[in-house]
Amino acid sequence: AARHEALQLVGEYVRHYSLVPQPSILAAEYFVEGEVGGIRKTARLDRIVRWAGEREAWIREDKTTSAPLWMARQYYLTHPQIVLQQALWGREQVEKFGPLAGTILNLIGKRRPYQFERTEILPVSPLMLSWFGAYTARITRRAEELRAGAAPERNPLSCVRLAGGVQIACPFIADCYA
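Residues numbered from 1 in each chain as written. Predicted model: local features only at pLDDT ≥ 70, side-chain atom pairs only at ≥ 80, totals over all residues. Heavy atoms only, no water.

Draft legend 1. Highlighting the packing of aromatic side chains. According to the stated counting rule, one finds 8 aromatic pairs in the structure shown. Centroid distance Trp131 to Tyr135: 5.5 Å. Interplanar angle 10°. Geometry classified as stacked. Of this pair, Trp131 and Tyr135 are both found in helix H5 (residues 126-147), 4 residues apart, which corresponds to roughly one turn of the helix. Assessed through its relative accessible area of 47%, Trp131 is described here as partly exposed. (Phe/Tyr/Trp six-rings, centres within 6.5 Å; stacked < 30°, edge-to-face > 60°. Helix = DSSP H or I, 4+ residues; strand = E, 2+ residues; numbered from the N terminus. Buried < 20%, exposed > 50% of the residue type's maximum accessible area, 1.4 Å probe, protein only.)

Draft legend 2. Structural detail: the pattern of salt bridges. Following the criterion strictly, the structure yields 8 salt bridges and no others. Here Arg40 and Glu33 are joined by a salt bridge, their closest N and O atoms 3.5 Å apart. Accessibility expressed as a relative area gives 53% for Arg40, which makes it exposed. We classify Glu33 as partly exposed; its relative accessible area is 43%. (Salt bridge = Lys/Arg side-chain N within 4 Å of Asp/Glu carboxyl O.)

Draft legend 3. A look at helix H1 (residues 2-18). An ideal rise of 1.5 Å per residue puts 24 Å on 17 residues; H1 measures up with 24 Å between its terminal C-alpha atoms. Restricting attention to buried positions, one finds in H1 the residues Leu9, Gly11, Tyr13 and Tyr17. Packed against the buried residues of H1 are strand E3 (57-65), strand E4 (100-109) and strand E5 (115-121). (Expected span 1.5 Å × (residues − 1). Contact = heavy atoms within 4.5 Å.)

Draft legend 4. Structural view of the sheet that holds strand E2 (residues 39-50). Within the open sheet, the 5 strands sit side by side as E1-E2-E3-E4-E5. Their pairing is mixed. Pairing within the sheet leaves two strands with one partner each, and these edge strands are strand E1 (24-36) and E5. This sheet shows a mean twist of 35° between the axes of neighbouring strands, independent of strand direction. The pairing of E2 with E3 spans 3 bridges and is antiparallel. Bridge pairing in E3 places Val49 opposite Trp58. (Pairing = 2+ DSSP bridges. Axes fitted to C-alpha atoms, helices over the stretch in contact; angles between N-to-C directions.)

Draft legend 5. Spatial organisation of the side chain of Thr65. Position of Thr65 among the secondary structure elements: in strand E3. For Thr65, a relative accessible area of 10% corresponds to the buried category. Contact partners of Thr65, with chain neighbours within four places excluded, come to Ala72, Ile108, Gly109 and Lys110.

Draft legend 6. Structural detail: unusual backbone geometry. Cis geometry marks the peptide bond from Arg112 to Pro113; its omega dihedral reads -10°. Mapping Pro113 onto the fold places it in the loop between E4 and E5.

Draft legend 7. Inspection of the pairing of E2 at higher detail. Of the pairings in the sheet, the one linking E1 to E2 comprises 11 bridges and is antiparallel in character. Note that in E2 the partner of Glu35 across the bridge is Arg40. Adjacent in sequence and paired antiparallel, E1 and E2 are bridged by 2 residues, among which Gly37 carries a positive phi angle near 65°. From the end of E2 to the start of E3, which pair antiparallel, there are 6 residues, and Gly53 there has a positive phi angle of about 85°.

Draft legend 8. Inspection of the nonpolar core at higher detail. Counting 18 residues, the largest nonpolar core has Tyr30, Leu45, Ile48, Trp89 and Phe97 as its most contacted members. Every element with two or more residues in this core is listed here: E1, E2, E3, helix H3 (80-87) and H5. A per-element tally of this core places E1 first, with 4 residues. Once residues within four sequence positions are removed from consideration, Ile48 is found in contact with Ser24, Ile25, Leu26, Ala27, Tyr30, Ala57, Trp58, Trp89 and Phe97. (Core = buried A, V, L, I, M, F, W, Y, C linked by side-chain atoms within 4.5 Å.)

Structure representation (structure tokens):
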């Protein structure tokens, strides 16, 4: 049943996007690496594409979601994956593909009736890149400390998480009240 549902979704995806203009694919599953916040990072880009007549290249990401498309769009606008991919677009990529125009995000709604949305996310600002670099460095250092046996920080704002529009309690919440 799941296989049949997945094949139907892929068929609808192909039908939908065959009716709208498509950029040319320059590369698929493209690996990038570089430094962000003084930390060596890597990312894999779904596709690098270019619209006819343009000099700039776009990163294209396809994401499936069970959430409403507006919610998924908001989620991905500043998602660390998108920011990291753009932050790693360096001189090598500019020389090979051209300057980065941004990220094309194709959202694929998995609930019937299937929905599709294409959103363009412009390059992140220098301010966001500076924040992201500092954030990346901080969480990488903290992960190394935890692996070395440091005690985890308590963060009451992390006691619940959103899953499918419902708040789920942290499985360790009882430890905070012991």
